[in-house]
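So the chains spell out like this:
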Amino acid sequence: PDRPHRGAHRGSARSVFLRPVLVSDTVDLPLQRKVNTGGNGGHVRIGELAEQAGLSTKAIRYYESIGVLPEPARTASGYRDYASDTGERLRFVRSAQAIGLTLGEIREILAYRDRNDIPCVHTVEVIRRRASEIDDEIAQLERMRSELRRLERRARRLRLEDCPPAGICHVIPH
């Protein structure tokens, strides 16, 4: 009845009850969660991380839910306990967003690093593809601007009293 869960201590077959848990130990729980049993060891709570990164705790939890951040260990009382390098990861995310990368693209880049692969070749491809998409968007915006300028010139030639009562606005042909 009081048999401990096998593999409860750092993935080994030894039970957590066979020796005392040390302050710096992390205990693997059966629900796939890790618990930091103390000794802050470079870990930060979500509020501290949010403040350091200039983000809300809600944003950090969102990044976690979509896989941009790995699920952190938990303290014995259930608080998120992020590794000290999480701030660096968040700085990368913010920098990548600032140059127009989507969270999906950022997640792909981070996945390379998480697999211990160098992501730079993939990153350059993502940047090239994103720049090409922006070129297409700019071309579309330029066409739209030209059409708006044409409609503006057309509107100057039209008389307001000529707007048919059955229509909405004769400036925009429909």
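Asks: Can you tell me about the state of the cysteines, naming the residues and giving the values?
Replies: Throughout this description, disulfide means a covalent bond between two cysteine sulfur atoms. All told, the structure shown has zero disulfides when counted by the stated rule. C163 provides the cysteine sulfur closest to C169, a residue in no disulfide bond, and the two sulfurs are 5.2 Å apart. With relative accessibility at 32%, the residue C169 sits in the partly exposed group.

Asks: Pulling in residues and values, what's your account of the side chain of E105?
Replies: Among the structural elements, E105 can be located in helix α4 (residues 103-114). Although E105 lies buried, it forms no salt bridge, and the closest oppositely charged side chain, R129, sits 4.1 Å away as judged by the N-O distance. Of note is the side chain of E105, whose polar atom sits 2.8 Å from the backbone nitrogen of T102. Residue contacts for E105: discarding those within four places in its chain leaves G100, V126, R129, R130 and E133.

Asks: Outline the nonpolar core, supporting the account with residue identities and numerical values.
Replies: The biggest cluster of nonpolar side chains holds 21 residues, and the ones touching the most others in it are L55, I60, Y63, Y82, L90, V93 and I106. Excluding its chain neighbours within four sequence positions, the residues that come into contact with I106 are F92, V93, A96, Q97 and L101.

Asks: Explain the environment of R157 residue by residue, including any values.
Replies: Mapped onto the elements of the fold, R157 is located in helix α5 (residues 120-157). Once the C-alpha coordinates of R157 and V171 are considered, the two residues, 14 residues apart in sequence, prove to be 9.7 Å apart.

Asks: Any details on the packing of aromatic side chains? Residues and values, ideally.
Replies: On inspection of all chains with the given rule, the structure shows one aromatic pair. Above the face of the Y112 ring, R115 is positioned so that its terminal group lies 4.7 Å from the ring centre.

Asks: Describe the pattern of salt bridges, and please don't skip the residues or the numbers.
Replies: Under the definition given, this model contains eleven salt bridges. Notably, a salt bridge pairs R91 with E88, separated by 3.2 Å at the nearest N-O pair. Of this pair, R91 and E88 both sit in helix α3 (residues 86-98), separated by three residues, roughly a single helical turn. For R91, a relative accessible area of 48% gives the class partly exposed. With its nearest N and O atoms 2.8 Å apart, the salt bridge here joins D114 to R89.

Asks: Any chance you could break down a nonpolar patch on the surface for me, citing the residues and the numbers?
Replies: A cluster of nonpolar side chains, namely L141, M144 and L148, defines an oily patch on the protein surface of about 310 Å² accessible area. Along the chain, L141 falls in helix α5. Judged by relative accessible area, which is 52%, L141 ranks as exposed.

Asks: How would you explain the packing of α4 against α5 if you had to name every residue and give the values?
Replies: With their axes 10 Å apart at the nearest point, α4 and α5 run at an angle of 170° to one another. Accordingly, the angle class assigned to the pair α4 and α5 is roughly antiparallel. In the crossing of α4 with α5, the sense of the turn from one axis to the other is right-handed. Across the interface between the two elements, E105, E108, I109 and Y112 from α4 touch H122, T123, V126, R129, R130 and E133 from α5. Among the residues forming the contact of α4 with α5, the class breakdown is three nonpolar, two polar and five charged.

Definitions and cut-offs
- Residues numbered from 1 in each chain as written.
- Predicted model: local features only at pLDDT ≥ 70, side-chain atom pairs only at ≥ 80, totals over all residues.
- Heavy atoms only, no water.
- Disulfide = S-S within 2.5 Å.
- Buried < 20%, exposed > 50% of the residue type's maximum accessible area, 1.4 Å probe, protein only.
- Helix = DSSP H or I, 4+ residues; strand = E, 2+ residues; numbered from the N terminus.
- Lys, Arg positive; Asp, Glu negative; His and termini not counted.
- Salt bridge = Lys/Arg side-chain N within 4 Å of Asp/Glu carboxyl O.
- Polar contact = N/O pair within 3.5 Å; in protein donor to acceptor, adjacent residues only side chain to side chain.
- Contact = heavy atoms within 4.5 Å.
- Core = buried A, V, L, I, M, F, W, Y, C linked by side-chain atoms within 4.5 Å.
- Phe/Tyr/Trp six-rings, centres within 6.5 Å; stacked < 30°, edge-to-face > 60°.
- Lys NZ or Arg CZ within 6 Å of the ring centre and 35° of its normal.
- Patch = residues over 30% accessible without salt bridge, like charges linked within 9 Å, V, L, I, M, F, W, Y side chains within 5 Å.
- Areas by Shrake-Rupley, 256 points an atom, 1.4 Å probe, with all protein chains shown as cover.
- Axes fitted to C-alpha atoms, helices over the stretch in contact; angles between N-to-C directions.
- Parallel < 35°, antiparallel > 145°, perpendicular 65-115°, else oblique.
- Left-handed = near helix turned anticlockwise from the far one by under 90°.
- Nonpolar A, V, L, I, M, F, W, Y, C, P; charged D, E, K, R; others polar.

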